[in-house]
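# Commentary on secondary and tertiary structure
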Protein chains: 2
Amino acid sequence: MKIVGGPNSLNLACKIGEALGIPLIKVRTKRFPDGEFYFKFEENISGENILVVQSLCPPQDVRAMELFLILHTARDLGADTIKVFVPYLAYSRQDERFLDGECLSASMMAEIIEELGADALYTVDVHNENVLKMYKIPVYNLTASGELARYFAKKDLKNPLIIAPDDEDLAIRRAKYAADVLKTEYDALEKRRDRYTGEIVTYKKDLRVRERDAIIIDDIISTGKTVANAARILKEQGARRILVGVSHALLIGDSVKIMMENGVEEIVGTDSVINEYAKVSVAPVLARALRGEVEQA
Amino acid sequence: MKIVGGPNSLNLACKIGEALGIPLIKVRTKRFPDGEFYFKFEENISGENILVVQSLCPPQDVRAMELFLILHTARDLGADTIKVFVPYLAYSRQDERFLDGECLSASMMAEIIEELGADALYTVDVHNENVLKMYKIPVYNLTASGELARYFAKKDLKNPLIIAPDDEDLAIRRAKYAADVLKTEYDALEKRRDRYTGEIVTYKKDLRVRERDAIIIDDIISTGKTVANAARILKEQGARRILVGVSHALLIGDSVKIMMENGVEEIVGTDSVINEYAKVSVAPVLARALRGEVEQA
């Protein structure tokens, strides 16, 4: 197998190559003056088994078009099999019609990725597992919870408690996974609809977090409101420190500010999203998956 | 038939609807806080014949993803036939491999547009007609030259001469088309490779442009260098005024400045690209094409 790093995930691709002991394919990419993307394989890939690595974090449309063009070229040049690693799988919100006439963007992504020749898709902590049912090819939803927990294990933590920001099945599985790695406990906030405002709020009376370090484990932080709310509750219930481990730290607008204001001390993201919070790599997660060591949430 | 205006071509879609006397479908579009596109048909389109209008001018990747999502939704909701009008067809550069290993982006665009259910594609003054051979569905390359010429016909022109900025077949056909509408002559600069620098330059000794108004008719203006060069030559040969009519006025960077500095007095673009130079609509061109009145370059 040989690895192709998309423009958004070159470092990640390098790390995967190192972890697996396999080479990166030399490629050339550029943008034309008018903004169009150009891609070129600098070596022959005919008959090769290819792994394409490209996260689809914002700007999603740009990252998606880059991925599509790489897939199209790989298949066109005669790659034998094409595995795709998309740590952040954009457009995973719309997997069903909440209202008549809505787009099913997750279904479109699946259709294009398959049409362009992908043989298998690996992703990390997808927000909604139903999205994966859109694919006919094998799909693997890996989790970064273990790697995030390993990061926190190196810190001097006091009796840590892992917190899932809501009590949905996936969130709890991720929290449990992290707790197992840290050999500690986990708990979850409960999702409820406010009877008066109709808003979805999270709360839980007794989190047994007094004098303990709380680690919130979440899949995506976008506006930061959910985590800010969780942090406020944890502080109210006497948490000592509040740390956040997140697979996809999108961190839109003033999300970091509102989390910090509500007591969050540190935010740890992964290289699924390239920013200053990407302190953990998802490369080992994929490497283990490709070796057959399953690490799915 | 009913018309859907993509987010980049709503006004154009309205004009086409008016020209054809058919209604626009109500849709809702938005961007989520993280940048993902959302689309919703506000009325039932099952069994309808749909025309989707969306130009793919910069930012091309964003515009393309919007188009893909609209197509996917239209087909998914049971549209009977889907015609697509893409005045500016982005990614029309790479239709063949100039170097081994290169992407064929034009081929990818064709594959996705067809996969998502388009039954026919209409475009305007595509830069390279080979791109159209990538499609299995019927493709119509319309020209805006006639509409541009009609715009200039309203001006007080002195013995106008239409100029093609190079002598390639398509460029000459567009110039001839405009000249026929204006009932005047046309001429073309000649494309040559400079023997010393290897650069492609255009020139022609005797353009018979002295004391005449020159109208350069071009398909795309990106950096503006080709037109600036043509304008300089026309001025040298005694042109009175230099006007430019262009189907797709991308106008990257300081393109307008360098054209003006070389003697261009006015730039007239179409609503294929939304900017202050979009003084002509391509709506009548499509309307005539749909009525079966061919206006292909």
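Residues numbered from 1 in each chain as written. Chains lettered and ligands numbered in written order. Predicted model: local features only at pLDDT ≥ 70, side-chain atom pairs only at ≥ 80, totals over all residues.

## Here we look at the overall build of chain A
Here is the rule: Each helix is a run of DSSP H or I of at least 4 residues and each strand a run of E of at least 2, with the numbering of both proceeding from the N terminus. For a compact globule the rule gives 2.2 Å times the number of residues to the power 0.38, and the radius of gyration it is set against comes from C-alpha atoms. For the exposure call, what matters is how many other C-beta atoms sit within 10 Å of a residue's own: 20 or more marks it buried, 12 or fewer exposed, and in between partly exposed, using C-beta atoms placed from the backbone. Contact between two residues is assigned whenever their backbone-derived C-beta positions fall within 7 Å.
Looking only at helices and strands, chain A has 8 helices and 15 strands in total. The C-alpha atoms of chain A give a radius of gyration of 20 Å, which matches the 19 Å a tight globule of 297 residues would have. Principal-axis analysis of the C-alpha atoms places the extent of chain A at approximately 60 × 45 × 35 Å. Expressed as a percentage of its 297 residues, the buried residues of chain A come to 52%. Partitioning the contacts of chain A with sequence separation of at least 6, the portion at a separation of at least 24 is 65%.

## A word on the relation of the copies chain B and chain A
Spelled out, the test is: Superposing copies: least-squares fit, C-alpha atoms only, residues required to have pLDDT of at least 70 in both.
Turning chain B through 180 degrees and shifting it by 0.0 Å along the axis lays it on chain A, with an RMSD of 0.0 Å. On the angle and the small slide along the axis, the relation comes out as a two-fold axis. When C-alpha distances to the rotation axis are compared across chain B, the minimum falls at B:Asp61, with a value of 2.9 Å. The overlap is high: 100% of the interface residues of chain B also sit at the interface in chain A, so the same surface is used on both sides.

## Description of the interface of chain B and chain A
Under the convention used in this document: Lys, Arg, Asp and Glu make up the charged group, whereas Ala, Val, Leu, Ile, Met, Phe, Trp, Tyr, Cys and Pro make up the nonpolar group; the residues left over, Gly among them, are polar.
With 39 residues of chain B in contact, the opposing surface of chain A contributes 39 residues. For the side of chain B that touches chain A, the elements supplying multiple residues, two or more each, are strand 3 (37-41), helix 2 (60-76) and helix 3 (105-115) of chain B. By residue number, the principal contributor to the side of chain B that touches chain A is helix 2 of chain B, which donates 10 residues. Taken together, the residues that form the side of chain B that touches chain A break down as 21 nonpolar, 8 polar and 10 charged.

## Observations regarding the domain arrangement of chain A
When the parts of a complex come together, some accessible area is lost, and that lost area is often used as the size of the interface. All names here are of chain A. For clarity, the threshold we go by: Boundaries between domains were set according to an automatic or database domain assignment.
Along its sequence, chain A is organised into domain 1 (2-143 + 282-290) and domain 2 (145-280). Spacing between the C-alpha centres of domain 1 and domain 2 amounts to 28 Å. Contributions of two or more residues to the side of domain 1 that touches domain 2 are made by helix 1 (10-20) and helix 8 (283-290). Residue composition of the side of domain 1 that touches domain 2, grouped by class: 9 nonpolar, 4 polar and 2 charged.

## Some words on unusual backbone geometry
The residue after A:Pro58, namely A:Pro59, is reached through a cis peptide bond having omega -5 degrees. Residue position: A:Pro59 is located in the loop between strand 4 (49-53) and helix 2 (60-76). One non-glycine residue, B:Asn159, lies in the positive phi region at around 45 degrees. By the element assignment, B:Asn159 lies in the loop between helix 4 (145-153) and strand 8 (161-164). Owing to 12 C-beta atoms within 10 Å, B:Asn159 belongs among the exposed residues under this scheme.

## Digging into the confidence of the model for chain A
Keep this limit in mind: The predictor rates its confidence in each residue with pLDDT, a number between 0 and 100.
Taken residue by residue, chain A gives an average pLDDT of 94. The fraction at 70 or more is 98%. The ipTM for the predicted assembly is 0.94, set against a pTM of 0.95.

## Here's the deal with helix 6 (residues 225-236) of chain A
All names here are of chain A. To keep things clear, this is the line we draw: Expected helix span is given by 1.5 Å per residue-to-residue step, counting one fewer step than there are residues.
In this model helix 6 runs 17 Å from its N-terminal to its C-terminal C-alpha over 12 residues, within 8% of the 16 Å that 1.5 Å per residue would give. Within the span of helix 6, buried status applies to Thr226, Val227, Ala228, Ala230, Ala231, Ile233 and Leu234. Buried-residue contacts for helix 6 involve strand 8 (161-164), strand 11 (200-203), strand 12 (214-221), strand 13 (242-249) and helix 7 (255-261). After helix 6 finishes, the residue Gly238 shows a positive phi value of roughly 90 degrees.

## Quick notes on the environment of B:Val209
Residue and element names in this part refer to chain B. When you line up the elements, Val209 lands in the loop between strand 11 (200-203) and strand 12 (213-221). Residues Val209 and Val52, spaced 157 residues apart in sequence, show a C-alpha to C-alpha distance of 42 Å. Beyond its immediate chain neighbours, meaning those up to four positions away, Val209 contacts Leu161, Ala214, Leu234, Gln237, Gly238 and Ala239.

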